[in-house]
Amino acid sequence: MASERSALFIFFGGTGDLAYRKLYPSLFNLYQKGTLREKFAVVGTARDKLTDEKFREKVQKSIGSDSKEAEKFISHFYYEAHDVTDKAHYSVLKERAVELDKKYKLQGNQIFYLSMAPNFFGTVAGYLRSEGLVNDKGFSRLVIEKPFGRDYDSAKALNEALAQSFDEEQIFRIDHYLGKEMIQNIEALRFGNTIIESLWNNRYIDNIQVTLSEKLGVEERASYYDKSGALRDMVQNHIMQIVSLLAMEQPVAFTDSDIRAEKVKALRSLRVYNVAEAATNFVRGQYDAGGKINPYREEDNVPADSNTETFVAGKLMFDNYRWSGTPFYIRTGKVLADKFTRVDVVFKKPLVDIFSFPGSSTSKPLDTNVLTLYIEPKAGFALKINAKNNDQGFQTAPVTMEYFVDPEDSKKTPEPYERLLHDALKGDGTNFSSWQEVSYAWKFVDQIRKVWDLQQPNFPNYTPGSMGPAAADELIERDHRQWVYRLNK
Ligand code: BG6
């Protein structure tokens, strides 16, 4: 059993999709593992009028169990109908908090979880402080869902609003990709293996490719997505986080402040493009009709003339000693060929290929070594290396060494939200985005957005089931390279 933690959780947006789908089931997992036991309580708040009983019924449904244990777990749940803009409601919430703190011996520990319209983040944080919910008896932490702003200026304004009520160490900005097992494994692979880390630089790595491919379209989220687009939805947060873990130097120690310091340093050396560079190094796409899929512009709640991108590919350059000259190519999109996330690290070929015999019609040039990190759905890695094939002659052929997490073990891997809630309980900020990381990511992304907002795109430009528009292939082929993962080639 894990060591027990105590806290009151207040979920703003407590009847939302995320809460029922991810957050409450994750808390139940923590309960079953013993991290939460007797000393915790949950208050769900939202506009809906619900009794504690009705709320508990819904929570029970969301965790999908009616065992004795589930019943005990659910008895810790309470509900407060709440208008986040109404100051008076915070006093009611405070009374509940004080009462539950006493009842469950929570020692003043509180986690305020904001999973709601982002324009209210500042308001809620302000009232939590001004109305005395934040106390100094135990810890008071603020967990915030994305999006954190829609550009650098709005993110900065939001951060300043939060900073009036909470210190940076109390703010936990969620990026659920950081809760994924194989994303966390990037650090283990790099800093736990001399054979990897000693080659992890521009002398040996030709390029790195990060692909976050989705099979589904926007589904019922179009009213959010159409104002966001793939650049804000996936690149500014998830991709920039992955890239910073791949690019950073070894942290002094494996602590949140040391890791964050290195990620920030990496992001600081990311080349921020001028207008012309942004236009040539990034491409966007929007899906057309294909098979049973409607074109994006015909999805529910999408304007017929929408210029929102559902696909992005780009080339990133770090101007530092380790990475100068080695590009990081990234891509992400909706309704692509498959659902997966992977990182392909392409090594340079040997400078001289002694196995390519002059005049021989059979000898083939050496292949490149590629280290692939499979993030999801399968978890593991594969290293493609050259070996002699099994023949009389002397020909080389690529072979692959692989490791995949056993699917049975995978089932035991905590869900990202379970991990992140656990980290928030421990006060460990390693797998959350710091303000500095967020701000550098926005500064980079804003430049691309700026160019795109000036130009009319030629949308739609890719077919469902493909790997995006032709321009995404051209982007990398222009550099005499290819995507490692590609279709039918
Ligand atoms: C979210 C985006 O942050 O990540 C969604 O808002 C996207 O648009 C999702 O579908 C992808 O997450 P995952 O964990 O399914 O790869």
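Everything numeric in this text was worked out from a predicted model, so none of it was measured.

The next point concerns the overall build of the chain. The helix and strand tally for the chain stands at 15 helices and 14 strands. Rg of the C-alpha trace for the chain: 25 Å, near the compact-globule value of 23 Å for 489 residues, within the 12% margin. The principal-axis extents of the C-alpha atoms in the chain amount to approximately 85 × 50 × 45 Å. Residue burial in the chain is summarised as follows: out of 489 residues, 41% are buried. Across the chain, contacts joining residues at least 24 apart in sequence account for 77% of those joining residues at least 6 apart.

We now examine the packing of helix H9 (residues 222-247) against helix H10 (residues 256-268). The interhelical angle for the contact between H9 and H10, taken along N-to-C directions, is 100°, at an axis separation of 9 Å. When the axes of H9 and H10 are compared, the pair comes out roughly perpendicular. For the pair formed by H9 and H10, the contact residues are Ser 244, Leu 245 and Ala 247 on the first element and Lys 263, Ala 266 and Leu 267 on the second. Of the residues that constitute the contact of H9 with H10, the class distribution is 4 nonpolar, 1 polar and 1 charged.

The subject of this paragraph is the domain arrangement of the chain. Assigned domains within the chain: domain 1 (7-145) and domain 2 (178-477). Computed over C-alpha atoms only, the centres of domain 1 and domain 2 are separated by 35 Å. Counting residues at the interface gives 12 residues for domain 1, matched by 9 residues for domain 2. Sorting the residues of the side of domain 1 that touches domain 2 by element identifies helix H1 (17-32) and strand S5 (140-144) as the ones contributing at least two each. Tallying contributions element by element places H1 first for the side of domain 1 that touches domain 2, with 6 residues. Residues of the side of domain 1 that touches domain 2, tallied by class, amount to 7 nonpolar, 3 polar and 2 charged.

About the cut-offs
- Residues numbered from 1 in each chain as written.
- Predicted model: local features only at pLDDT ≥ 70, side-chain atom pairs only at ≥ 80, totals over all residues.
- Helix = DSSP H or I, 4+ residues; strand = E, 2+ residues; numbered from the N terminus.
- Rg over C-alpha atoms; globule rule 2.2 N^0.38 Å.
- Buried ≥ 20, exposed ≤ 12 C-beta atoms within 10 Å, placed from the backbone.
- Contact = placed C-beta atoms within 7 Å.
- Axes fitted to C-alpha atoms, helices over the stretch in contact; angles between N-to-C directions.
- Parallel < 35°, antiparallel > 145°, perpendicular 65-115°, else oblique.
- Nonpolar A, V, L, I, M, F, W, Y, C, P; charged D, E, K, R; others polar.
- Domains from an automatic or database assignment.

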